[in-house]
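Remarks on the overall topology
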Amino acid sequence: MPSIFNPNALDRQTLKLGGALLIVYLVWGTTYFALDIAMQTLPPLLMNGGRFLLAGVLMLGIARWQGLAWPTAAQWRASALIGSLMAFAAMALVVLAQKLGIGSGLMATVVTTMPMWLALWTRWGGERVPVTSWVGLVLGATGAALLALEGDFSTTLVGTLCAFGAPLAWSLGSYASRRLDLPPPAMASATQWLLGGLLGLVVAWLWEPGSRNVAWAQVSLASALAWLYLVVMGTMVTLNAYLWLLKNTSAALAGSYSFVNPVVALCVGVMLGGERLTGWVFVAMPLILLALALILYGREAMKLGRTWWLRKPGSVAGAR
């Protein structure tokens, strides 16, 4: 993997990595706010299932327009697993946790466990995770937890269980997308979202109060626009960028969005929601920036440090 923003390696792949990270960092930081608005007049599970079903239909049209073949049976099974974990389970648990009253501070903190789970599955799967990445993940989670002190830590038992289940399901789906045989990106996204969205609609129809008799005339314009934003920007643009990152960079870097997103969410809350900042943000930000630096450049920094030490006068190597 090329070093991000390394001036000596600014090739096309490096620029694509940087662009994908920027999209995931910025857009997904705004989706918490959009989810809150969408759920004001839409049932959470129905809203989420419809979001992924529509995104899947649109992406399927794009995939077929590109001339991509239909997936094989094995690829359909892999897409069903990933879609069930990510598009259905993880996202449904997020919206349920928010609907069940879990505070924004606790939600933002719990989400930061995702890259640690992903790194753990990656390590157990035989891939090497550098020590600097582990340190960066811990620092990032700590910074996000401190930043979350700006938010609300109210909770309920069921809401807490949903909140902790969401990053676990998302990390399993993310790891599966790195290892399983999938069709080309556009078709992979289409099949995962279609199947996950269909599952979400079935569950909403069977178990969610209000999903069978939604008063569509009572759905506010703000909720409808927020839902469309989630379909287009939150799913079709940003989730595609994230799935691409999972295939083209380290698990730690792909998952680093989880402790950058709270920073963006906080800025959105201040600008649009009238929230006020306390001193915690000035403690959390340096930790998050250091975490990103370790994940991005930790391995290179260790190599430079080792080279400097070996060449240092008085060292064992330098004495030779």
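This structure is a prediction, so every number in the text was calculated from the model and none was measured.

Comments concerning the packing of aromatic side chains
Two numbers describe a pair of aromatic rings. These are the distance of the centres and the angle of the planes. The final tally for this structure, using the stated rule, is seven aromatic pairs. Geometrically, the ring pair formed by W28 and Y242 is tilted, given 5.4 Å between the ring centres and 55 degrees between the ring planes. With W28 in helix α1 (residues 12-38) and Y242 in helix α9 (residues 221-248), the pair connects residues that are 214 residues apart, well separated along the chain. Given a relative accessible area of 9%, W28 falls into the buried group.

Describing the side chain of T30
Structurally, T30 can be placed in helix α1. Non-local contacts of T30, meaning those with residues more than four positions away in its chain, are made with Y229, V264 and V268.

What to know about the packing of helix α2 (residues 44-65) against helix α8 (residues 185-207)
One way to put it is that α2 packs onto α8 with a least axis distance of 7 Å and a crossing angle of 155 degrees. Taken together, the axis directions place α2 and α8 in an arrangement best described as roughly antiparallel. Seen from above, α2 lies across α8 with left-handed handedness. Grouping the amino acids of the contact of α2 with α8 by side-chain chemistry returns 18 nonpolar, six polar and one charged.

Side note on empty space enclosed by the protein
Applying the stated criterion to the full structure yields two cavities of 30 Å³ or more. Within this model, the largest cavity holds a volume of roughly 320 Å³. Lining the largest cavity are 18 residues, with Y32, M91, V94, W170 and Y257 sitting closest to its centre. Mapped onto the lining of the largest cavity, the elements with two or more residues apiece are α1, α2, α3 (73-99), α7 (157-179), α9 and α11 (257-272). Of the residues belonging to the lining of the largest cavity, the class tally is 14 nonpolar, three polar and one charged. Of the pockets and cavities examined, the second largest cavity occupies roughly 40 Å³. Taken together, F52, I82, G83, M86, A87, Q192, W193 and L239 make up the full set of residues lining the second largest cavity. Breaking the lining of the second largest cavity down by element, the ones donating at least two residues are α3 and α8. Examining the composition of the lining of the second largest cavity, we find that four residues originate from one element, α3, more than from any other. Classifying every residue of the lining of the second largest cavity by side-chain character gives six nonpolar, two polar and no charged.

Quick look at α1
In a regular helix each residue adds 1.5 Å, so 27 residues correspond to 39 Å; α1 covers 37 Å between its end C-alpha atoms and thus fits that length. Y32 marks the point of greatest bend in α1, at about 30 degrees.

So, a nonpolar patch on the surface
A contiguous nonpolar patch, built from L54, L58, L221, L225 and L228 and spanning about 450 Å² of accessible area, is present on the exposed surface. Contributing elements (two or more residues each) for the nonpolar patch: α2 and α9. Broken down by element, the nonpolar patch gets its largest block of residues, three residues, from α9. Secondary-structure assignment places L225 in helix α9.

Rules behind the numbers
Think of each chain on its own: its residues are numbered from 1, step by step along the sequence as written. Whole-chain, interface and lining totals are the exception, using all residues; otherwise, since this is a predicted model, local features are given only for residues with pLDDT of at least 70 and side-chain atom pairs are given and counted only at 80 or more. Working from all heavy atoms in the structure, the side-chain values ignore hydrogens and water. When the centres of two rings from Phe, Tyr and Trp lie within 6.5 Å, Trp using its six-membered ring, the rings pair. Their planes under 30 degrees apart give stacked, over 60 give edge-to-face, and anything left gives tilted. Counting from the N terminus, the helices are DSSP H or I runs at least four residues long and the strands are E runs at least two residues long. Exposure classes here rest on a 1.4 Å probe applied to the protein chains alone. A residue is buried below 20% of its type maximum, exposed above 50%, and partly exposed in between. The contact rule is simple, with two residues in contact once any of their heavy atoms fall within 4.5 Å. Helix axes use the C-alpha atoms of the stretch in contact, all axes being lines fitted to C-alpha atoms, and the angles between their N-to-C directions lie in the range 0 to 180 degrees. Any angle that is under 35 degrees is reported as roughly parallel, and any over 145 degrees as roughly antiparallel; angles of 65 to 115 degrees are reported as roughly perpendicular and all others as oblique. Left-handed describes a crossing whose near helix is turned anticlockwise from the far helix by less than a right angle; the clockwise case is right-handed. Three classes are used: nonpolar for Ala, Val, Leu, Ile, Met, Phe, Trp, Tyr, Cys and Pro, charged for Asp, Glu, Lys and Arg, and polar for all others, with Gly counted as polar. Definitions used for this entry: grid spacing 1 Å over protein atoms alone; cavity, a set of points where a 1.4 Å probe fits but cannot get out; pocket, an open set with protein on both sides within 12 Å along at least 5 of 7 lines; lining residue, one with an atom within 4 Å of a point. Grid points are joined across faces, edges and corners, and a volume is the space filled by probe spheres set on the points. The span expected for a helix works out to 1.5 Å for each residue beyond the first. One fitted axis covers the seven residues ending at a residue, a second covers the seven starting there, and the bend at that residue is the angle between these axes. Patches were defined on residues exceeding 30% relative accessible area and lacking a salt bridge, with like-charge contacts within 9 Å and nonpolar side-chain contacts (Val, Leu, Ile, Met, Phe, Trp, Tyr) within 5 Å. Reported accessibility uses the Shrake-Rupley method at a 1.4 Å probe radius. Residues are deemed covered only where the shown protein chains occlude them. By convention in these notes, a salt bridge is any Lys or Arg side-chain nitrogen within 4 Å of a carboxyl oxygen on Asp or Glu.

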